Amino acid sequence: MKKVLAFAAALVLVVAFTSCDKKCTCTTKVGGIESKTTFNLDELNEKYKTDYKKCSEFDVKADDQNYTTCK
């Protein structure tokens, strides 16, 4: 029984750390107009040969009325 539980725990860890497609949703506000954009982080990295790991790396804040936040 202990071996089965150890195997199950190891399997859960592997699945938890396995990379899957990461979708980012960004909200951009410029001059009071807000828009949302969604993209696949893995596809972006492959297409432009970049190495972004988190959606928040795209966050930009000029001021309270002009910004981009990504999740």
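Cut-offs applied
- Residues numbered from 1 in each chain as written.
- Predicted model: local features only at pLDDT ≥ 70, side-chain atom pairs only at ≥ 80, totals over all residues.
- Heavy atoms only, no water.
- Disulfide = S-S within 2.5 Å.
- Helix = DSSP H or I, 4+ residues; strand = E, 2+ residues; numbered from the N terminus.
- Buried < 20%, exposed > 50% of the residue type's maximum accessible area, 1.4 Å probe, protein only.
- Phe/Tyr/Trp six-rings, centres within 6.5 Å; stacked < 30°, edge-to-face > 60°.
- Pairing = 2+ DSSP bridges.
- Axes fitted to C-alpha atoms, helices over the stretch in contact; angles between N-to-C directions.
- Contact = heavy atoms within 4.5 Å.

Draft legend 1. Representation of the state of the cysteines. In total, this model carries two disulfides according to the counting rule given. Two residues share a disulfide in this structure: cysteine 24 and cysteine 55, whose sulfurs sit 2.0 Å from each other. The disulfide joining cysteine 24 to cysteine 55 has a torsion of about -80 degrees about its S-S bond and is therefore left-handed. A residue pair is termed long-range when its members are at least 10 positions apart, and cysteine 24 in strand β1 (residues 23-30) and cysteine 55 in the loop between α2 (41-48) and β3 (60-63) qualify at 31 residues. Assessed through its relative accessible area of 0%, cysteine 24 is described here as buried. Take cysteine 55: its relative accessible area is 3%, and that puts it in the buried class. Cysteine 26 shares a disulfide with cysteine 70; S-S distance 2.0 Å. Its S-S torsion of about 110 degrees marks the bond between cysteine 26 and cysteine 70 as right-handed, since a negative value means left-handed.

Draft legend 2. Region of interest: the packing of aromatic side chains. Applying the stated criterion across every chain, the model contains two aromatic pairs. Ring geometry for phenylalanine 39 against phenylalanine 58: centres 5.3 Å apart, planes inclined by 80 degrees, an arrangement best described as edge-to-face. A residue pair is termed long-range when its members are at least 10 positions apart, and phenylalanine 39 in strand β2 (residues 33-40) and phenylalanine 58 in the loop between α2 and β3 qualify at 19 residues. Relative to phenylalanine 58, the ring of tyrosine 52 lies with its centre 4.4 Å away and its plane at 40 degrees, an arrangement referred to as tilted.

Draft legend 3. A look at the sheet that holds β3. The strand order β2-β1-β4-β3 describes an open sheet built from four strands, whose pairing is antiparallel. Each of the sheet's edge strands pairs with one partner strand only, and the pair in question is β2 and β3. Neighbour-to-neighbour, the strand axes of this sheet turn through a mean angle of 20 degrees, independent of strand direction. Note that β1 and β2 share eight bridges and pair antiparallel. Following the sheet pairing, cysteine 24 is matched in β2 by phenylalanine 39. Contacts between α2 and the sheet are confined to β1 and β2, with β2 contributing the most and set at about 75 degrees to the helix.

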